[in-house]
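# Summary of structural features
Here is what each chain is made of, one letter per residue.
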Amino acid sequence: NKESSVALYQQLIDEIKNQITSGKLAVGDRLMTESELSQEYNVSRITVRNALSELESEGYLIKKQGKGTFVTKPKIFRPLEDTVGFTESCKNAGVDSTSIVLKKEILPLTQQYQNDLQLEKHDKILFIQRLRFAGGEPLMLENNYYSYDKYGFLMNEPLTGSLYELLAEKKGVICDHVLKSLITVTSAHGELVKLLQVSMGAPLFVMDSVMGNTHNEPVHFSVQYIVGEKYSFVG
């Protein structure tokens, strides 16, 4: 609608999104070419290109060299501040999330964990490793380290949902402050390839962080390996 106050490229974005959410376009379907879309909707190639670029950046489309543009599963977007947990990020993207607990171990306290988590010398570390899924596909390997004295009760919890919701419900702990955070990139190797179901060398985000409560007290130290093509950090 060229008389609408909404820009043409935004109208095209909304139209393609509607086709995807309604199921008219399914994951894996090939989109019409820029020329075909231009003729179909009576807009310029530049308008089409801008719309497709935006949809690609949002994770709805993926371009494959020499093959065309295809519908893909939307990326999970996560604030750089990391105050939004994985479960909530998936909800915001309209994607179901689940978790599988791989390890629950009690580890000796090291100087690093004592410093990062501000623990007493007699304390131990509760290590919890989970494989986290979005839309039925593995997206993240999560390694969390807690004070055993404070959070040892987690050993007896199923931990298939949101740990943040569980901490709030059981202990009244609101984990919503980033005390320290570092994001780097690595290549998939070893057990990461098998667990995350990616090819050897696939790009992974690595997020090291110390999360705190509303009083800026450390709650846990976390190291997460995240499938790069399925995830984006936003400011």
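If you're wondering where the values come from, they're calculated on a predicted model, not measured in any experiment.

Side chains bearing opposite charge may pair, as long as their charged atoms lie close to each other. All chains considered together, the criterion is met by 6 salt bridges. Notably, a salt bridge pairs R49 with E34, separated by 3.0 Å at the nearest N-O pair. One end of the pair, R49, is in helix 3 (residues 45-57); the other, E34, is in helix 2 (residues 34-41), and 15 residues separate them in sequence. Looking at R49, the relative accessible area reads 37%, which means it is partly exposed. Overall, E34 belongs to the buried group, its relative accessible area being 18%. One salt bridge connects E142 with R132, and the closest N-O pair in it is separated by 3.2 Å. Of this pair, E142 sits in strand 6 (residues 137-147) while R132 sits in strand 5 (residues 125-134); the two residues are 10 residues apart in sequence, bridging distant segments of the chain.

It is worth spelling out the packing of aromatic side chains at this point. In this structure the tally under the stated criterion is 5 aromatic pairs. With a centroid separation of 5.9 Å and an interplanar angle of 55 degrees, the aromatic rings of Y113 and F221 are classed as tilted. In this pair, Y113 is assigned in helix 5 (residues 111-117) and F221 in strand 9 (residues 218-227), connecting sequence segments 108 residues apart. By the burial criterion, Y113 is buried, and F221 matches it. Measuring from ring centre to ring centre gives 5.9 Å for Y145 and F221, while their planes differ by 50 degrees; the resulting arrangement is tilted. Here F221 lies in strand 9 and Y145 lies in strand 6, a separation of 76 residues in the sequence. Exposure class is identical for Y145 and F221. Each is buried. Ring pairs connect the aromatic residues Y113, F127, Y145 and F221, which therefore count as one cluster. Over the face of the ring belonging to F70 we find K64, whose NZ or CZ atom lies 4.9 Å from the ring centre.

Conventions adopted
Residues numbered from 1 in each chain as written. Predicted model: local features only at pLDDT ≥ 70, side-chain atom pairs only at ≥ 80, totals over all residues. Heavy atoms only, no water. Salt bridge = Lys/Arg side-chain N within 4 Å of Asp/Glu carboxyl O. Helix = DSSP H or I, 4+ residues; strand = E, 2+ residues; numbered from the N terminus. Buried < 20%, exposed > 50% of the residue type's maximum accessible area, 1.4 Å probe, protein only. Phe/Tyr/Trp six-rings, centres within 6.5 Å; stacked < 30°, edge-to-face > 60°. Lys NZ or Arg CZ within 6 Å of the ring centre and 35° of its normal.

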